[in-house]
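# Overview (structure and organization)
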Amino acid sequence: MAAAGSAIGLGSLWRFPYIAGDNGGGAFVLLYIIFTYVLGVPIFIGELLIGRKTQRSPIFAYQELSKQSTNWKMVGYLNVLTSFIVLSFYCVVSGWCLNYALMSLNQFTLGKTPGQIRAIFDTVYTSADLNLFWMGIYILMNVGVVYSGIRKGIEHWSKILTPALFFILIGMFIYGLTMPGFTQAAKFIFSPTFSKLTPSAILNALGMAFFTLSVGLGIIVTYGSYLKPSENMPRTAFIVATMTILVSLMAAMMIFPIVFTFNFPPEGGPGLVFKTMPILFAKLPGSLVISTVFFLLFVFTALTSSISLLEVVVANLMELFSWNRSKAVIISAIGAFIFAVPSALAGSKALFPSWETIYGKDFFDTMNYITASWMMPIAGLLTTLFIGYVMEKQTTREEFLKGTTMGYLFRPWFFTIRYLAPLVVIIIILEQAGVLNLAPLFNLMRSA
Ligand code: PHE
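Residues numbered from 1 in each chain as written. Predicted model: local features only at pLDDT ≥ 70, side-chain atom pairs only at ≥ 80, totals over all residues. Heavy atoms only, no water.

A separate point is the overall build of the chain. Counting its secondary structure elements, the chain contains 20 helices and 0 strands. Rg of the C-alpha trace for the chain: 21 Å, near the compact-globule value of 22 Å for 448 residues, within the 12% margin. Principal-axis analysis of the C-alpha atoms places the extent of the chain at approximately 65 × 60 × 45 Å. Considering the chain as a whole, with its 448 residues, one finds that 58% of them fall into the buried category. Taking contacts inside the chain between residues at least 6 apart in sequence as the whole, the part at least 24 apart equals 81%. About 17600 Å² of surface is accessible on the chain, with carbon and sulfur atoms providing 68% of the total. (Helix = DSSP H or I, 4+ residues; strand = E, 2+ residues; numbered from the N terminus. Rg over C-alpha atoms; globule rule 2.2 N^0.38 Å. Buried < 20%, exposed > 50% of the residue type's maximum accessible area, 1.4 Å probe, protein only. Contact = heavy atoms within 4.5 Å. Areas by Shrake-Rupley, 256 points an atom, 1.4 Å probe, with all protein chains shown as cover.)

Here is the structure:
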């Protein structure tokens, strides 16, 4: 449940719909699903296995299993760095959710046209003070949870609130069915047009699969270290992946009917969910309650993910410098706040005003893109190489077989980890880098 809590979060609800929109829909969505099952799930199992075997945080887990090689320790460091950066922009987005929850209480949509409601997001995004304020509040919430040990409480609540979120999502989805834009939305999400697929869309789909599953950050290694040997790892991985995909698809299917009904462009950018959902809420009876509850649940699911991000940083710092828990939490939180400042100020351009001119994306988006589309796939690749070529196969097999009745999965899993996954990830990276060109292949698929 905790792993599902970490996996299901803003990645599915906020990030997936808008990246799918930016990358042309159907073909991207299909690739995302394939990558989740074919690459994400095996790596998820691999990370669990490393954690359960060593019972340690990532940096030390890699070191221990590679017979003290300091090179492999670097993967652990990469994990910590990535978690830290993800945490920083995650807090900014969660801050928007808090902001929207409060705005909903004030019935901010009253008397506004869909176009006006949509435009509010830009005001939010470009307000330096609001972004800083809510991001800071959100970091304090994380500190509160991780510090005070009410983590158990959060996990208890997530058993109630995650189904509640599912309930709202299904309700919104059903309402979406009645909207004129529904057919067009279903077509956009489910009918793949491979001609629209660009190399960067392929890399983004890979990164999205890793991001929503939380692999490539050492988080699952940490969770694995809490697992009992009797726990069935392949089954856990499969369930988490399926739940995550379902939430992602439902999120897209509640957002895109609105997009097409009101003729908005599908490329809504990072504000997509905030620009669309309030329009729907405004039409519903009891919109104040539904809208507020929706954004609060959003914050809650974000929280179950971000505490896991904070936890990786904290756990590693504690082991690295022998700090006690409170010191590690406070220092990580201050670090995360400082690093989140440029992301929070990205819209207002109060800091690094020429960032976008130089890098083509604002600071927030640069961090968002670099971590998900580059750092997580590269860390995932290194994890597969580590399990496939560095760990002893015998150890791996024994650990894999513990707690599962699906022993026959070991061979195909190991094959994927050793050959298939590294090959696919390397090809995708080379293609994005322009070294390889797969376009003719897609043309072939199209004409077939
Ligand atoms: N998987 C989470 C989500 O979808 C994000 C996340 C990534 C959380 C990595 C932890 C680690 O929102």
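One finds Trp14, Trp96, Phe274 and Met277 to be the most contacted residues of the largest nonpolar core, which totals 158 residues. For this core, the leading source of residues is helix 5 (residues 70-105), giving 18 residues. Ignoring sequence-local partners within four residues, the contact set of Trp96 consists of Trp14, Phe121, Val124, Tyr125, Asn131, Pro270, Phe274 and Phe364. (Core = buried A, V, L, I, M, F, W, Y, C linked by side-chain atoms within 4.5 Å.)

Our focus in this paragraph is a nonpolar patch on the surface. A cluster of nonpolar side chains, Leu30, Ile34, Val38, Tyr389, Phe415, Tyr419 and Leu420, forms an exposed patch at the surface whose accessible area comes to about 620 Å². Examined against the element boundaries, Tyr419 turns out to sit in helix 19 (residues 410-432). (Patch = residues over 30% accessible without salt bridge, like charges linked within 9 Å, V, L, I, M, F, W, Y side chains within 5 Å. Salt bridge = Lys/Arg side-chain N within 4 Å of Asp/Glu carboxyl O.)

Another aspect to go through is the site of the ligand. Taken together, 15 residues surround the ligand, and among them Ala7, Gly11, Tyr90, Phe211 and Leu217 come closest. Within the backbone of Thr212, a nitrogen or oxygen atom sits 3.1 Å from a nitrogen atom of the ligand. For the ligand, the protein covers 100% of the area, taking 320 Å² as the surface of the free molecule. For the shell around the ligand, the elements supplying multiple residues, two or more each, are helix 1 (2-7), helix 2 (10-22), helix 10 (199-213) and helix 14 (287-321). Here the residues of the shell around the ligand sort into 7 nonpolar, 8 polar and no charged. (Near = heavy atom within 4 Å. Polar contact = N/O pair within 3.5 Å; in protein donor to acceptor, adjacent residues only side chain to side chain. Nonpolar A, V, L, I, M, F, W, Y, C, P; charged D, E, K, R; others polar.)

What follows deals with helix 19. The end-to-end C-alpha distance of helix 19 is 31 Å, a good match for the 33 Å that 23 residues give at a rise of 1.5 Å each. In helix 19, a bend of some 45 degrees at Thr416 exceeds every other bend along the element. Phi turns positive, to about 85 degrees, at Gly434, one or two residues after helix 19. (Expected span 1.5 Å × (residues − 1). Bend = angle between axes of the 7 residues up to and from the residue.)

Where helix 3 (residues 26-54) meets helix 4 (residues 58-65), the closest approach of the two axes is 10 Å, and the angle between their N-to-C directions is 80 degrees. What the angle tells us is that helix 3 and helix 4 run roughly perpendicular. Facing Ile50, Lys53 and Thr54 of helix 3, the residues of helix 4 in contact are Ala61, Tyr62, Glu64 and Leu65. Partitioned by chemical class, the residues of the contact of helix 3 with helix 4 number 4 nonpolar, 1 polar and 2 charged. (Axes fitted to C-alpha atoms, helices over the stretch in contact; angles between N-to-C directions. Parallel < 35°, antiparallel > 145°, perpendicular 65-115°, else oblique.)

Bringing the pattern of salt bridges into the picture now. Applying the stated criterion across every chain yields a total of 7 salt bridges. The residue Glu64 makes a salt bridge to Arg56 at a minimum N-O spacing of 3.3 Å. The residue Lys349 makes a salt bridge to Glu356 at a minimum N-O spacing of 3.3 Å. The network of salt bridges with common partners includes Arg52, Glu399 and Lys402.

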